[in-house]
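Chain by chain, the residues run as shown.
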Amino acid sequence: MERLFTFVLSEQHFGSHMTVLVLAFLVAAPTILILARETSIARRIILFAFLMAIAGVTTFFTTFWSSYPNLLWNFPQPATEIAGALMFVLAAGAAWIYLRSRRSIKAVILAGGILAFGMEFSAFYILSATVSPATLAYDLSAMLITLVLGTTLGAFALWELGSTLAAHPRLTSSVLLALTLTVLPLGSMGSILPFSQWLSVIQTPESALFSPLSVMSLSGIVSIFFVLCLASLLDTRVAVAQRREEDRMRHFADGTFEGILISRDGLVMDANERILEMTGLTLEDIKKRKVATLFVEPTGGPHAGSTMLANREGTPEQRDLIGPGGRKTPVEVLSRVVPYVEGEATVVAIRDVTERKAAEDYIRYLAMHDTLTALPNRRGLEAVLGQVIDLARQNGSLAALLALDLDGFKTVNDSLGHHAGDLLLKEVAVRFQAQLRDTDYLSRLGGDEFVIVLRSIASVEDAMQLARRLIASLMQPFSLAGHEVYVGVSIGVALCPRDGETAQMVLKSADIAMYQAKLKGKGQVYEFQPGMDAAVRERHDLEMDLRAALSRNGLEVYYQPLFDVGGKVTGFEALARWPHPERGMIPPSRFIPLAEETGQIVQLGEWVLRTACATAAGWSGDIGIAVNLSATQVQRIDLIDVVKRVLEETGLDPHRLELEVTESLLMEDVDRALALVKELRALGVRVALDDFGTGYSSLAYLHNFPFDKVKVDRSFINKITNDPNAWTIVESIIVMSHKLKLRVTAEGIETGAQLSMLAAHGCDEMQGFLLGRPMPQRQATQMLGQLSSLHPVG
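What counts and how
- Residues numbered from 1 in each chain as written.
- Predicted model: local features only at pLDDT ≥ 70, side-chain atom pairs only at ≥ 80, totals over all residues.
- Heavy atoms only, no water.
- Helix = DSSP H or I, 4+ residues; strand = E, 2+ residues; numbered from the N terminus.
- Buried < 20%, exposed > 50% of the residue type's maximum accessible area, 1.4 Å probe, protein only.
- Contact = heavy atoms within 4.5 Å.
- Areas by Shrake-Rupley, 256 points an atom, 1.4 Å probe, with all protein chains shown as cover.
- Pairing = 2+ DSSP bridges.
- Axes fitted to C-alpha atoms, helices over the stretch in contact; angles between N-to-C directions.
- Parallel < 35°, antiparallel > 145°, perpendicular 65-115°, else oblique.
- Nonpolar A, V, L, I, M, F, W, Y, C, P; charged D, E, K, R; others polar.
- Phe/Tyr/Trp six-rings, centres within 6.5 Å; stacked < 30°, edge-to-face > 60°.
- Lys NZ or Arg CZ within 6 Å of the ring centre and 35° of its normal.
- Core = buried A, V, L, I, M, F, W, Y, C linked by side-chain atoms within 4.5 Å.
- Salt bridge = Lys/Arg side-chain N within 4 Å of Asp/Glu carboxyl O.
- pLDDT = per-residue confidence, 0-100.
- Lys, Arg positive; Asp, Glu negative; His and termini not counted.
- Expected span 1.5 Å × (residues − 1).
- Patch = residues over 30% accessible without salt bridge, like charges linked within 9 Å, V, L, I, M, F, W, Y side chains within 5 Å.

Details of the overall build of the protein chain
So, point 1. The number of helices and strands found in the protein chain is 29 helices and 21 strands.
So, point 2. Within the protein chain, buried positions represent 47% of all 794 residues.
So, point 3. Pairs at least 24 residues apart make up 68% of the contacts formed inside the protein chain by residues separated by at least 6 positions.
So, point 4. As displayed, the protein chain has an accessible area near 38,900 Å², and 58% of this comes from carbon and sulfur atoms.

Here we look at the sheet that holds strand β6 (residues 399-407)
Adjacent strands of a sheet pair through backbone hydrogen bonds, lying either parallel or antiparallel.
So, point 1. The 5 strands are arranged β7-β8-β6-β11-β12 in an open sheet whose pairing can be described as mixed. Edge positions in the open sheet fall to β7 (441-446) and β12 (525-527), since each of these has one partner strand only. Averaged over all pairs of adjacent strands, the angle between their axes in this sheet comes to 20 degrees, without regard to strand direction.
So, point 2. Sheet topology note: the β6/strand β11 (residues 488-496) ladder contains 9 bridges and is antiparallel. Paired with Asp407 across the two strands is Gly488, which belongs to β11.

So, the packing of helix α14 (residues 409-416) against helix α15 (residues 418-434)
So, point 1. Contact geometry of α14 with α15 gives a least axis separation of 6 Å together with a crossing angle of 140 degrees. The angle between the axes of α14 and α15 places the two elements in the oblique class. Across from Phe409, Val412, Asn413 and Leu416 in α14, the residues of α15 making contact are His418, Ala420, Gly421, Leu424 and Leu425.
So, point 2. Considering only residue class, the contact of α14 with α15 consists of 6 nonpolar, 3 polar and no charged.

Overview of the packing of aromatic side chains
So, point 1. By the definition in use, this model includes 6 aromatic pairs.
So, point 2. Ring pairs connect the aromatic residues Tyr559, Phe572 and Trp619, which therefore count as one cluster.
So, point 3. Across from the ring centre of Phe478, 3.6 Å away, lies the NZ or CZ of Arg431, which sits over that ring.
So, point 4. Over the ring of Phe769 we find Arg773; its NZ or CZ atom is 4.2 Å from the centre of that ring.

Side note on the nonpolar core
One broad rule of soluble globular proteins: the nonpolar side chains tend to lie buried together.
So, point 1. With 77 residues, the main nonpolar core has Ile625, Leu657, Phe707 and Leu758 as its most contacted residues.
So, point 2. The residues contacting Ile625, other than those within four sequence positions of it, are Tyr559, Phe572, Ala574, Ala612, Ala616, Trp619, Leu652, Arg656, Leu657 and Glu658.
So, point 3. Counting 34 residues, the second-largest nonpolar core is a separate cluster that includes Leu406, Met464, Ile471 and Val489.

Points about the pattern of salt bridges
So, point 1. With the rule as written, the count across this model stands at 33 salt bridges.
So, point 2. For Glu501, the salt bridge is made with Arg393, and the minimal N-O distance between the two is 3.1 Å. Residue Glu501 is located in the loop between β11 and α17 (503-519), and its partner Arg393 is located in helix α13 (residues 378-395); the two are separated by 108 residues in the primary sequence.
So, point 3. Here Glu501 falls in the partly exposed class, since its relative accessible area comes to 46%.
So, point 4. On the basis of relative accessibility, which here comes to 37%, the residue Arg393 falls in the partly exposed class.
So, point 5. Salt-bridge contacts for Asp499 lead to Arg498; the nearest nitrogen and oxygen are separated by 2.9 Å.
So, point 6. For Asp499, a relative accessible area of 11% translates into the label buried.

Here's the deal with the environment of Ala42
So, point 1. Turning to its location among the elements, Ala42 is positioned in helix α3 (residues 41-67).
So, point 2. Note on Ala42: relative accessible area 49%, which makes it partly exposed.
So, point 3. Between the C-alpha atoms of Ala42 and Leu99, which are 57 residues apart in sequence, the distance is 9.7 Å.

What to know about the confidence of the model for the protein chain
So, point 1. Of all residues in the protein chain, 78% attain a pLDDT of 70 or more, and the chain-wide mean is 80.
So, point 2. Low pLDDT (under 50) marks residues 302-306, which in the prediction has 5 contacts with non-local residues, meaning those over four places away or in another chain.
So, point 3. For residues 788-794, every residue scores under 50 in pLDDT, and the model assigns this stretch 18 contacts once sequence neighbours within four places are set aside.

Quick word on the environment of Leu647
So, point 1. By the element assignment, Leu647 lies in helix α22 (residues 639-650).
So, point 2. Along the primary structure Leu647 and Ala617 are separated by 30 residues, whereas in three dimensions their C-alpha atoms are 9.5 Å apart.
So, point 3. Aside from chain neighbours lying at most four places away, what touches Leu647 is Leu652, Pro654, Leu657 and Val685.

A look at the environment of Glu750
So, point 1. Turning to its location among the elements, Glu750 is positioned in the loop between β20 (743-747) and α28 (752-760).
So, point 2. Taking relative accessible area as the criterion, Glu750 reaches 47% and is therefore assigned partly exposed.
So, point 3. A C-alpha to C-alpha distance of 7.9 Å links Glu750 and Asn718, two positions 32 residues apart in sequence.

Some words on the pairing of strand β1 (residues 259-264)
Every regular strand shows the same layout, with side chains that alternate between the two sheet faces.
So, point 1. Where β1 and strand β5 (residues 344-352) come together, 5 bridges link them in antiparallel fashion. Bridge pairing in β5 links Ile260 to Ala349.
So, point 2. Sheet topology note: the β1/strand β2 (residues 267-271) ladder contains 4 bridges and is antiparallel. When the sheet's bridge partners are listed, Leu261 is paired in β2 with Ala271.
So, point 3. Count of turn residues in the β1/β2 antiparallel hairpin: 2 residues, of which Asp265 carries a positive phi of about 55 degrees.

A closer look at the packing of α17 against helix α18 (residues 533-551)
So, point 1. Interaxial distance between α17 and α18 falls to 9 Å at its minimum, and their mutual angle equals 80 degrees. In terms of their interaxial angle, α17 and α18 are classed as roughly perpendicular. Mapping the contact onto sequence places Ile512, Tyr515, Gln516 and Leu519 in α17 and Asp533, Val536 and Arg539 in α18.
So, point 2. Residues of the contact of α17 with α18, tallied by class, amount to 4 nonpolar, 1 polar and 2 charged.

Looking at unusual backbone geometry
So, point 1. The omega torsion of the bond from Cys496 to Pro497 falls at 0 degrees, within 30 degrees of zero and hence cis.
So, point 2. Inspection of the secondary structure puts Pro497 in the loop between β11 and α17.
So, point 3. The backbone of Asn553 sits at a positive phi, close to 55 degrees, despite the residue not being glycine.
So, point 4. Along the chain, Asn553 falls in the loop between α18 and β13 (556-564).

Let's talk about the side chain of Ser737
So, point 1. Mapped onto the elements, Ser737 comes out in helix α27 (residues 724-739).
So, point 2. When near neighbours in sequence (up to four residues on either side) are disregarded, Ser737 contacts Val710, Leu742 and Val744.

Side note on the side chain of Asp690
So, point 1. Topologically, Asp690 is positioned in strand β18 (residues 686-692).
So, point 2. Lys711 provides the closest opposite charge to the buried, salt-bridge-free Asp690, at an N-O distance of 4.4 Å.
So, point 3. Among all residues touching Asp690, those that are not within four sequence positions of it are Asn628, Glu660, Val661, Thr662, Glu663, Lys711 and Glu747.

Quick look at helix α20 (residues 601-616)
So, point 1. Here α20 is 16 residues long and its end C-alpha atoms lie 22 Å apart, about the 22 Å a rise of 1.5 Å per residue gives.
So, point 2. By the burial criterion, the buried members of α20 are Ile601, Val602, Leu604, Gly605, Glu606, Val608, Leu609, Ala612, Cys613, Thr615 and Ala616.

Focus on a nonpolar patch on the surface
So, point 1. Judged by side-chain polarity, Leu72, Trp73 and Phe75 come together as a nonpolar surface patch covering roughly 350 Å² of accessible area.
So, point 2. Mapped onto the elements, Leu72 comes out in the loop between α3 and α4 (79-100).
So, point 3. For Leu72, a relative accessible area of 45% corresponds to the partly exposed category.

Here it is, written out as structure tokens:
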């Protein structure tokens, strides 16, 4: 032992030791690279054994010659060749054990022991041949220490080469193998006595009584066997710990919501419970499968699925997993390479996205369909219509588009509520669908607008006949919440591709024809004709201007005074006026019906009511304000709330407000109208019956409704001076109203003779251009400030 440490740590031999170490590293580095290359195992074994044989002999002779310079270039024959061959065989065996066996402590120690034994045995064989016929003197303990140390370094070199945890496994392995190639020849030389001492020794050393090669072989085998027993124990403990860790990881993996596969070379090694549930396979069955066979083959062929075995840590791959019974389950696949059981493995995470896919499909459905009627919406229509136009153009065929707009829907919606309106739209859609062929396409654009696409027709008459059937289908009443309601439909027909090259152009042509049908009395069908869009465009532009005017306060309220028989101003009637910036003053007879048709009358009426009340609140306390109510306003269920809110906001005394309703409004729903009038009277608001005498049940209304006043229609006032019958009717209205304690207002007075006759027979109030035209708010206020009374003329 002393000789070993003295030799290894000798300063005299330090330079030669470093030379051996450097030489060993230069040989070890390519040797490790060969062992780690992805080539055939046989080729790697042969190259590794060849280099190790050369390296073992080279490092031994370098150490030997540096210790005994007088023996430089001395090669004992044939011992050197036999030692090299032996080294080659044992190195090949070590490489075979390492490459062919499962990576374990026992395998790498056995390979390292065989490698170390081969190098040391070869060294002692050459030394024995060098001193022959003398017997080699050696230190057995030093020899065993060298063997164990070489075995350890060799085993660590092979272990590190297969490690996935080391930062630079090949570099570390090269350094350890270089140390092995250095320690073994140095240890071998340090285990023998110097040759010079042998010549002076009279008696043969005790250690030389036995052949050093025999002793070394036996001792080496015993040492390696002992180390292998220790390694087996360690392997067993490691295997137990590994199984525990695997069980822990399995429990952890089974607790996840994702399916997890562990694969190597495309084959399944392990799987968690979730993936077994998703595939319907047992753990034994799935371990026999390739990962790619668990999925539906992608469009690109079998090789297109290989990407799932590569790292996909960022963007998941969308695939279909084959489930029980061949059912396809949409999944997302993520994978990454990780260290796992003696090497690397690919962990594949499989996430079931069935619910998310269903949600995405539903979102796409909602984007293309109307949620109320389940019919395609505008986006779906444009997609289909574009295809129909292209097909008609290519084949030279004819297709048609029908634009439908319900007549009277807004009245139903406002009177019975939005829920009833929704039910009506659903039933209308059912009736329309019943008239169509399987190839026809029905869609709802929103509100009460529908569109039908006829993919193929023989002539325009086919579309016109369908339109007439659709109109007839709505003639029967609809039962909604205990009410029977009627709606009609106006239809415009456009042909593809005659009336437009694009979906938008054809839709516009059909809309123009539909508007023309509405202008001609509703419940009509019109085919689009060139030049038809002029009147429709005019109406459309006016509608847009009105909408803009309402949103920007572009309208004004004018006030027409009312006088008593003494010429005193008793109040004003609020009238909407529209001073258009380009068209000038647009008469109410033009924009009021338009507002009624488009539903803007509700906004317009509320604005007039609020503006008039706010203005009247600034006048003296005995001046009243009269406001007309439209049919749509009367049918609204929140009219009472609107009136209350306006009175509270403006601070106007309710008794100063007078709301005018017409006979035609009362005829639509007498019970509801009666309840409405009573509620208005309960608020303190006065209610007047406007245009009296033009309806069919005027006397019944006077008897049943608690009106405060009746207004005689101007159609009678205009005739009283030259038509005795007209005057008789007006005189009778005045007398009858006074008997019923109702005040009477005559409207439309334009001559002095009309004024004199009405005043002489006790008419309570007068109104007309003769007395005062409608005027802006500022002028009305000035009038009240300057005049306290106005005397009638002649």
